[in-house]
Amino acid sequence: MQQILTSTKSQIPSLFPPQSPTNIFTAPPKSFPKIPIKSPLHVTLRTSSSSNGSPPSVLDESLLFDESDDESDGEDGRKSDAVRDGLLVVRRPQANEVLAGRSDGGGGDPDPINAGLSEFAKKMPMFEPPPTGADPEARPLEVNREIALYRAKVLTRNFKFKEAEEIIKKCLSIWPEDGRAYVALGKLLSKQSRTEEARSVYEIGCQATQGENSYIWQCWAVLENKAGNVRRARELFDAATVADKRHVAAWHGWAVLEIKQGNVKKGRHLLAKGLKFCGGNEYIYQTLALLEARGGRIEQARYLFRQATICNPKSCASWLAWAQVEMQQENNYAARRLFEKAVQASPKNRFAWHVWGIFEANQGFIDKGRKLLNIGRALNPRDPVLLQSLALLEYKYSTANLARVLFRRASELDPRHQPVWIAWGWMEWKEGNLATARELYQKALSINSSSESAARCLQAWGVLEQRVGNLSAARRLFRSSLNINSQSYVTWMTWASLEEEQGNAIRAEEIRNLYFQQRTEVVDDASWVMGFLDVIDPALDSIKRLLNLDQKPGFGGRDALRDMTKASSASIEGLEDSSSADGVEGDGDAGTSNFDIDAFVHDKLSLDTSNLDARLESSEPGRYKSPRRIWRLDNRNTALARRG
């Protein structure tokens, strides 16, 4: 038996010899210098194989191993050890060599030991087949994928959808396993209202990534939610959280869906899970703060807003949401300071300049509001919302002609933006151009007839028909609006007032009763605050100590709520004090502060606020006259008409 083991031992090649690697890698011919090899997997390669001397873009496996089965053992050495085309080719043993017990002297007959080794060798990763998919030799470096995806993102931001789509599809053809390309393509198609194609892309992406990419599930859920498929969206959000329980966007998106459906308790539960698994997040704190503000618990809302800004001081959305809550409370001190912090956190954010400009205009500071909107417009020349708000501002405080120019520009920037067409139609209706208003309303509905904007368009169109006496058309439009959004209090009450004006008091009462019967009841209470922070991730122990949650059960909740109120009051008082110190006098309606908008924009963005009209006109030369020039010409024509 010992002799058998000794004889067979020489026939089995050692995969990892302790001393010399020559059992696996054969020595080069004597005519070439020997290259030192430290280990069986250490190979020195020449990095240039192209004619121009540039290194190869990919590391080809054939440069390391020669898969050919060479059986020659002559004096010239094995063929696999030759240097071909200036590259050192190193050979690794084939599976059939090990299974056949091949030695340096030739082959041998299989025996029971070799048969056992054959089963063992099948399980070794060394002999697994190469992975399926794109050929590694045909793939460029992965850095090219990063550059391509970033370029597609920039093109999408500049509304060059066709070029961006071509780049993303090319990335998918080369890297079909990368989930980011599916997400980018799905969002691109969604922006073009190509919902079915986007849905198909997300489905293929989930299959390609074997359902393990939570970002694809989450984007797919958002798409279904926008399309009104609430049940399907819930399933997809659930799949996203299963794929990655630390994906905070899935928890937050799911919670917002439930809150909009009236399930506030479930929404809070999902937000609490997001904090538990993902830690502190500004969007979750912001949504919780807005819930508290909607429930009238302003101090708790302020505390949660403070936590959101602590998590991310650069979160422009948190500063803006907090500022709007203070606007509703008519606390202009804090609101103005929060708007300033928002633009400092994100100087190019279009929402910050937009909401701040509307706030100042509503406070009576028309010039300041116009300046803020123009700054946002200069920083975001492709945004139609800023142009829409600026057009409404100019219509209210200057002339309709200037507003029409701005509405036309906004509609050309984004022809599928429904609110622009609706606002333009409303202005034409107020100007008495009923036919034009109907055309603009019809244009808005042709874009999407089932969105929230479509419901508002139908309601506005119904009011138009009611005012001109087309009552049957008005009733049909109100009914169509309620089929889209049955929770619209304004539409129900407008319809009821129409019936009252026609003497149908019984019908008006039936409409009011229908509204109260079908509306979604939102049950909300303050009791959740007492034990809410108990479910937060243990990493936030400092917040628990701040709120004294380690006290006795009978008093901990009440004391925590009291401390929360004190902390939030102190934070907002600090904002008010800083506003007073910065020069805001009286009740905050002076509209001035120590924050120099012109200097800030000039230093941070290299933008001259005194020459905004010229900058905007030069962005599209030869197409439009300056809006201010149109305003001056219109005023001159009006003055001449009055003299005549």
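Residues numbered from 1 in each chain as written. Predicted model: local features only at pLDDT ≥ 70, side-chain atom pairs only at ≥ 80, totals over all residues. Heavy atoms only, no water.

Enquirer: Residue-level account of the overall build of the chain, with values.
Expert: Per the secondary structure count, the chain includes 31 helices and 2 strands. Partitioning the contacts of the chain with sequence separation of at least 6, the portion at a separation of at least 24 is 55%. Per element, the accessible surface of the chain, about 35,300 Å² overall, is 52% carbon and sulfur. (Helix = DSSP H or I, 4+ residues; strand = E, 2+ residues; numbered from the N terminus. Contact = heavy atoms within 4.5 Å. Areas by Shrake-Rupley, 256 points an atom, 1.4 Å probe, with all protein chains shown as cover.)

Enquirer: I'd love a proper account of the packing of helix H9 (residues 230-243) against helix H10 (residues 248-260), names of residues and values included.
Expert: For the pair H9 and H10, interaxial distance at closest approach is 9 Å and the crossing angle is 155°. Taken as axis vectors, H9 and H10 run roughly antiparallel relative to one another. Handedness of the crossing formed by H9 with H10: left-handed. Two secondary-structure elements touch here, H9 through Val230, Ala233, Arg234, Phe237, Asp238, Ala240 and Thr241 and H10 through Ala250, Trp251, Gly253, Trp254, Leu257 and Glu258. Looking at the contact of H9 with H10 residue by residue, the class counts come to 8 nonpolar, 2 polar and 3 charged. (Axes fitted to C-alpha atoms, helices over the stretch in contact; angles between N-to-C directions. Parallel < 35°, antiparallel > 145°, perpendicular 65-115°, else oblique. Left-handed = near helix turned anticlockwise from the far one by under 90°. Nonpolar A, V, L, I, M, F, W, Y, C, P; charged D, E, K, R; others polar.)

Enquirer: I'd like a rundown of a nonpolar patch on the surface, residues and numbers included.
Expert: A grouping of Leu141, Val143 and Ile147 is seen on the molecular surface, where their side chains present a nonpolar patch of about 270 Å² in accessible area. One can find Ile147 in helix H4 (residues 142-157). Taking the relative accessible area as the measure of exposure, Ile147 reaches 54% and is therefore exposed. (Patch = residues over 30% accessible without salt bridge, like charges linked within 9 Å, V, L, I, M, F, W, Y side chains within 5 Å. Salt bridge = Lys/Arg side-chain N within 4 Å of Asp/Glu carboxyl O. Buried < 20%, exposed > 50% of the residue type's maximum accessible area, 1.4 Å probe, protein only.)

Enquirer: Outline the pattern of salt bridges, supporting the account with residue identities and numerical values.
Expert: For side chains bearing opposite charge, pairing can occur when the charged atoms are close. A full pass over the atoms with the stated rule returns 30 salt bridges. The partner of Glu224 in a salt bridge is Arg199, with the nearest N and O atoms 2.5 Å apart. In this pair, Glu224 sits in helix H8 (residues 214-226) while Arg199 sits in helix H7 (residues 195-208), placing the two residues 25 residues apart along the sequence. Judged on exposure class, the residue Glu224 and its partner Arg199 are both buried. Its salt-bridge partner being Glu299, residue Arg302 comes within 3.0 Å of it at the nearest N-O pair. Of this pair, Arg302 and Glu299 are both found in helix H13 (residues 298-311), 3 residues apart, which corresponds to roughly one turn of the helix. Assessed through its relative accessible area of 10%, Arg302 is described here as buried. The network of salt bridges with common partners includes Glu142, Arg145, Glu146, Asp178 and Arg180.

Enquirer: Just give me the short version of helix H23 (residues 471-484), but keep the residues and values in it.
Expert: At 3.6 residues per turn, the α-helix brings residues three or four places apart onto the same side. Relative to the 20 Å expected for 14 residues at 1.5 Å per residue, H23 spans 20 Å between its end C-alpha atoms, a close match to the ideal helical length. All of the buried residues along H23 are Leu471, Ala473, Ala474, Leu477, Phe478, Ser481 and Leu482. The elements touched by buried residues of H23 are helix H22 (452-468) and helix H24 (489-501). (Expected span 1.5 Å × (residues − 1).)

Don't take any of this as a statement about function, it's just geometry.
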